[in-house]
Amino acid sequence: MKTIKPGSKGFRSVQIRAEDINTDDRTVALVFSSEEPVERYFGNEILSHAPGAVRMGRLNSGSAPLIKDHINKIDSQCGVIENAVIGTDRLGRSIVRFSRSEDDEVVYQKVLDKIIRNVSVGYVVHSARLIETSNSGMDTFLIDDWEPLEISLVAVPADATVGVGRSFEEKDFIIQEDEAMTQEKEVSVPSAEDTQKAAQEIVKREM
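A short tour of the structure in this document, coming up. (Residues numbered from 1 in each chain as written. Predicted model: local features only at pLDDT ≥ 70, side-chain atom pairs only at ≥ 80, totals over all residues. Heavy atoms only, no water.)

1. A look at the overall build of the protein chain
Thought 1: Counting its secondary structure elements, the protein chain contains 2 helices and 14 strands.
Thought 2: For the protein chain, with 207 residues in total, the buried portion stands at 43%.
Thought 3: Here the protein chain has roughly 11200 Å² of accessible surface; of this, 48% comes from carbon and sulfur atoms. (Helix = DSSP H or I, 4+ residues; strand = E, 2+ residues; numbered from the N terminus. Buried < 20%, exposed > 50% of the residue type's maximum accessible area, 1.4 Å probe, protein only. Areas by Shrake-Rupley, 256 points an atom, 1.4 Å probe, with all protein chains shown as cover.)

2. Remarks on the pattern of salt bridges
Thought 1: All chains considered together, the criterion is met by 9 salt bridges.
Thought 2: Across the pair Arg-40 and Glu-45 runs a salt bridge whose closest N-O atoms are separated by 3.1 Å.
Thought 3: Its relative accessible area of 5% is what places Arg-40 among the buried residues.
Thought 4: A salt bridge links Arg-93 to Asp-89; the shortest N-O distance between them is 2.9 Å. (Salt bridge = Lys/Arg side-chain N within 4 Å of Asp/Glu carboxyl O.)

3. Description of the side chain of Glu-150
Thought 1: Here Glu-150 lies in strand β11 (residues 139–154).
Thought 2: Assessed through its relative accessible area of 6%, Glu-150 is described here as buried.

4. Some remarks on the pairing of strand β6 (residues 43–47)
Thought 1: Here β6 lies mainly inside the structure; 4 of its 5 residues are buried.
Thought 2: In this structure, strand β5 (residues 38–40) lies alongside β6, joined through 3 bridges in antiparallel fashion. Counted as the bridge partner of Val-38 is Glu-45 from β6.
Thought 3: Joining the antiparallel neighbours β5 and β6 is a turn of 2 residues. (Pairing = 2+ DSSP bridges.)

5. Regarding the packing of aromatic side chains
Thought 1: Going through the model one piece at a time under the given rule, you end up with 3 aromatic pairs.
Thought 2: Look at Tyr-123 and Trp-146: their rings are 5.5 Å apart centre to centre, the planes differ by 75 degrees, and that puts the pair in the edge-to-face class. Residue Tyr-123 is located in strand β10 (residues 118–132), and its partner Trp-146 is located in strand β11; the two are separated by 23 residues in the primary sequence.
Thought 3: You can call Tyr-123 buried: its relative accessible area is 0%.
Thought 4: Here Arg-26 stacks its cationic end above the ring of Tyr-108, 4.2 Å away from the centre of that ring. (Phe/Tyr/Trp six-rings, centres within 6.5 Å; stacked < 30°, edge-to-face > 60°. Lys NZ or Arg CZ within 6 Å of the ring centre and 35° of its normal.)

Laid out in structure tokens, this is it:
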């Protein structure tokens, strides 16, 4: 049975719109996620936006980073995430604020000039369910417990639908195969110990 291992990391991107920029506050309002199915190498992925499915604590901590190209270095941070919500329309929305440092001013001006137009959200999968199988191999997974960690400025999104694109690094998703597939097509639930280890590894990488 196919499963997505807890702790797997993915990315999805959106396009900045000029009307979402507040030059006085140096803030940009973004739609960073939706329930639109996205084709991955292992099948289709749907991020659930149902109540309780998205762990928003990090994005609303006041210190979640706006960074460049998902680079995990202190000098790659060019701003901060002010707040984030999941709307009744099942879209993830956020307001980000840019730094006033000299280096970050260059990045901010590129956003104002519409040179940098794409923003990607990095997230960790805590739980996934196989909800549909296909003879073509394009199974569909519902990510029913996931956690956005950061928002990044990126040059090229992988896809764009209804103003919302997707970008993804294949190496960060881990698919497990199990010969025993139940008739209900359920994905095996990871143990509490495995989930704790995955969370500790995430924190270790961020440190």
